[in-house]
Amino acid sequence: MSVGAADWLPAATVMASGRPVLSAGEIERHLLPLVDLEPEENPRLAPLRGCLLVLTSHRLVFLHEASLSARALPLASIIHTYPPHRRHNHSPLRSLFSSSSSSSSSHHPRIRIQISLPLSRSEVVAVVVTCKADVDVFYGRLLEVIRTRAWEATASAAPASGAPVAEGAAPAEEDLAIRMPVVGVAGILRKEQETWESAGQNLQDAFQDLNALMSKAKEMMELAEKMRQKLLTNSSAQSNSNDEEMGSKQDLQDLLLSVGIVSPVTKETAGALYHQQLSRQLADFVRVPVERAGGMMALVDVYCLFNRARGTELISPEDLLQACSLWEKFDVPVMLRKFDSGVKVIQTKTHSDDEVFARISSLAQKPDALLKGISPSDAAFTLGIAPALAKEHLLNAENKGLLCRDVSPDGFRFYINLFNEIDLQNIHLPKTHGLYHTWISVATAAH
Amino acid sequence: MRRRPGIAGLQNAAATRDKFRLVGENVAKVRTDVMQEQLATFRSQLEEFARKHKSDIRKNSVFRQQFHEMCAKVGVDPLASNKGVWAELLGIGDFYYELGVQIVDICIATRSHNGGLIDLLELRKLLCQKRKTDLGSLSSDDCLRAISKLKVLGSGFEVISVGKKKLVRSVPTELNKDHNGILELAQAKGYVTVEQVEKDFSWSTGRAIDALETLLKEGLAMIDDGHRDGKRRYWFPCVTLSSDASGSEAKS
């Protein structure tokens, strides 16, 4: 039943969080939990069972969540889709060959799809929806995506993307080459002028109404990229750039962090899977910024960064919190941590307590610390963290039995816990090795 | 152009080169001007579209992504919902969420020079700049309301009052590196004063007071108001003095 058996479909890559890896320009459109894929006519093709179905603008991804493996059916190979129906009585052959499990799924709605596989002729497969989801909505989206043929657009754009800066100007240059050869300074100047004039004209056309902008979106994106590049190189090259230019450069850099998640999980596409998928996407997203921030980041900051990366598809603070709390169920490299003060942070698991405890106990075993103990500020300096956090870590280490505390008017000081070292059988016998011995030798040397 | 011998030839060549450079500079300048102009149009149009066609843009997921990319590239904030009646009365809709995201954004962006403590008024000014509205249309009550929506994300993000000013603190105590600086400063004499901290780090008054008060609350500092100069001293008994060894003798 594993996904690996269905080697008649190309494999798809999956993130460690259990989200499919999307190619450039690919956008998630709909999700269905618990879907089977059954070949209808060819018994040699192994079926897929119990998969999460992700409909993207390019593919149908069948994701087996337990094994984190996936198979993808490119939408380009779909020849025809049949509307969903609940009973199958079209193929008498099938009922002869079919296994017992398919009889139980016979009352589930199925969508039959005719596809062309690379090696064989066309096959008919059925997407069997075994969960209680609205199949008609899914079918509607599927038809819409197939009609849009987004995979063709990216395929044709891909080879040209080698020179993104020049792209916007390309059509104008072609026109020019026919009309007038570019000769001399005047020619260069004219070419320059016409390039910008056409860009301006384009800009005006595109922003007439929303439909115009939609159809010109690609060109406008290229123009935007071109402007950005020019502006960034210009203002860095010219030292005497004026305030306005500096201001706009500032604007650009401010928002650089906002380009991020191309296909944000939304309630509309994920339906009942919303929080679960959001949680996985968040885990993928948050790992890099948290690591860059030194392994720990306030939840509020993450909220801002994540929403910025999602553009206008804002999520509420409550949704974020719920997504974080779902991490316990998945194997993700980050975790939510709540301090006693009520502060919530996200930290990487490598930045976890065990690692901190190891560093604290080695700090507490230095000769100096064996004598005088360590204060929260000492720990803060050594660990490179804020004093409040250091104190929190020290108290946690004390709870674990690693440290003992000495409370004086001067505040807390923490000592390594020697009680662990004492042998209950002969309490009075000083040891000649180990921590206890080190402590004795340090203590006697000091007097 | 053929090169001619002699001084005249050299001078000629130099003059030509100068002329070419002048033309080149001119072209570059004109080009920059034109582009600035086009960029301004581009931005204002995007802003207008973001406001007017928000729901249409969100409906089409492919275009939504393209629109975001455009906005990001030319530096337009796509979050531009108007407040509207519903948001005003019931606090629903995207307005306050958007405001919240933008507020945190500003706090993060300015953190490097204010240490995560920003005056509410300054925050409002930056916010209006980002949203391209005037200061009157965005009250401080709106900001407070947006901030209160962030409460569920933990208590690190809050509004505090220092004197008459209202400040927004975006760095929780657990992650505040300001305290390390103060402790380091205290290593010299064992105590610091507000003035000293302000002068040494060139911080604003609110930032220094807030950091010292937090350290006091954490139990790391003690205050001494009894000194002759009348300035409150913050003592840090936990800090080992860099020059003094007598304290350690007493301890052992």
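Residues numbered from 1 in each chain as written. Chains lettered and ligands numbered in written order. Predicted model: local features only at pLDDT ≥ 70, side-chain atom pairs only at ≥ 80, totals over all residues. Heavy atoms only, no water.

As recorded in an unreviewed UniProt entry, chain B goes by the name Vacuolar protein sorting-associated protein, listed as coming from Triticum urartu. Turning to chain B, the UniProt annotation filed under Sequence similarities (unreviewed entry) states: "Belongs to the SNF8 family." Taken verbatim from the UniProt record of chain B, the Function (unreviewed entry) comment is "Component of the endosomal sorting complex required for transport II (ESCRT-II), which is required for multivesicular body (MVB) formation and sorting of endosomal cargo proteins into MVBs." (UniProt positions renumbered as here; feature names shortened; annotations may be inferred.)

If you look chain A up in an unreviewed UniProt entry, it shows as Vacuolar protein-sorting-associated protein 36 from Triticum urartu. On record in UniProt, under Subunit (unreviewed entry), the comment for chain A is "Component of the endosomal sorting complex required for transport II (ESCRT-II)." Its UniProt record gives chain A the following Sequence similarities (unreviewed entry) comment, quoted word for word: "Belongs to the VPS36 family."

Peer 1: Run through the sheet that holds strand 5 (residues 222–224) of chain B, naming residues and quoting values.
Peer 2: Two pairing modes exist for strands in a sheet, parallel and antiparallel, and in both the strands are linked by backbone hydrogen bonds. All names here are of chain B. The sheet built from three strands is open, its strands ordered 4-6-5 with antiparallel pairing. Looking along the sheet, the strands with just one partner apiece sit at the ends: strand 4 (191–193) and strand 5. For this sheet, the mean inter-axis angle between neighbouring strands, taken without regard to orientation, is 30°. Judged from the three bridges that link them, strand 5 and strand 6 (residues 233–235) form a sheet pairing that is antiparallel. When the sheet's bridge partners are listed, Ile-223 is paired in strand 6 with Tyr-234. Packing against the sheet, helix 9 (residues 194–201) makes contact with strand 4 and strand 6, and its axis sits at approximately 80° to strand 4. (Pairing = 2+ DSSP bridges. Helix = DSSP H or I, 4+ residues; strand = E, 2+ residues; numbered from the N terminus. Axes fitted to C-alpha atoms, helices over the stretch in contact; angles between N-to-C directions. Contact = heavy atoms within 4.5 Å.)

Peer 1: Outline the nonpolar core, supporting the account with residue identities and numerical values.
Peer 2: Here is a general trend for soluble globular proteins: nonpolar side chains tend to be buried in one another's company. Counting residues in each nonpolar core, the largest one holds 61 residues, and the members touching the most others are A:Leu282, A:Leu320, A:Trp327, A:Ile346, B:Ile103 and B:Phe157. In this structure, B:Ile103 is in contact with B:Leu123, B:Leu127, B:Cys143, B:Ala146, B:Ile147 and B:Phe157, ignoring residues within four places of it in sequence. The next biggest cluster of nonpolar side chains, apart from the first, holds 30 residues, and it includes A:Leu45, A:Val127, A:Val129 and A:Val135. (Core = buried A, V, L, I, M, F, W, Y, C linked by side-chain atoms within 4.5 Å. Buried < 20%, exposed > 50% of the residue type's maximum accessible area, 1.4 Å probe, protein only.)

Peer 1: Run through the packing of aromatic side chains, naming residues and quoting values.
Peer 2: All names here are of chain B. Under the criterion given, the structure shown has five aromatic pairs over all chains. Ring geometry for Tyr-191 and Trp-235: centres 4.9 Å apart, planes at 45°, overall tilted. Linking Tyr-191 in strand 4 with Trp-235 in strand 6, this pair joins segments that are 44 residues apart in sequence. Exposure remark for Tyr-191: the relative accessible area of 12% places this residue in the buried category. Using a relative accessible area of 33% as the deciding quantity, one classes Trp-235 as partly exposed. Ring geometry for Phe-201 versus Trp-203: centroids 4.7 Å apart, planes at 25°, classification stacked. We classify Phe-201 as partly exposed; its relative accessible area is 29%. Above the face of the Tyr-97 ring, Lys-149 is positioned so that its terminal group lies 5.5 Å from the ring centre. (Phe/Tyr/Trp six-rings, centres within 6.5 Å; stacked < 30°, edge-to-face > 60°. Lys NZ or Arg CZ within 6 Å of the ring centre and 35° of its normal.)

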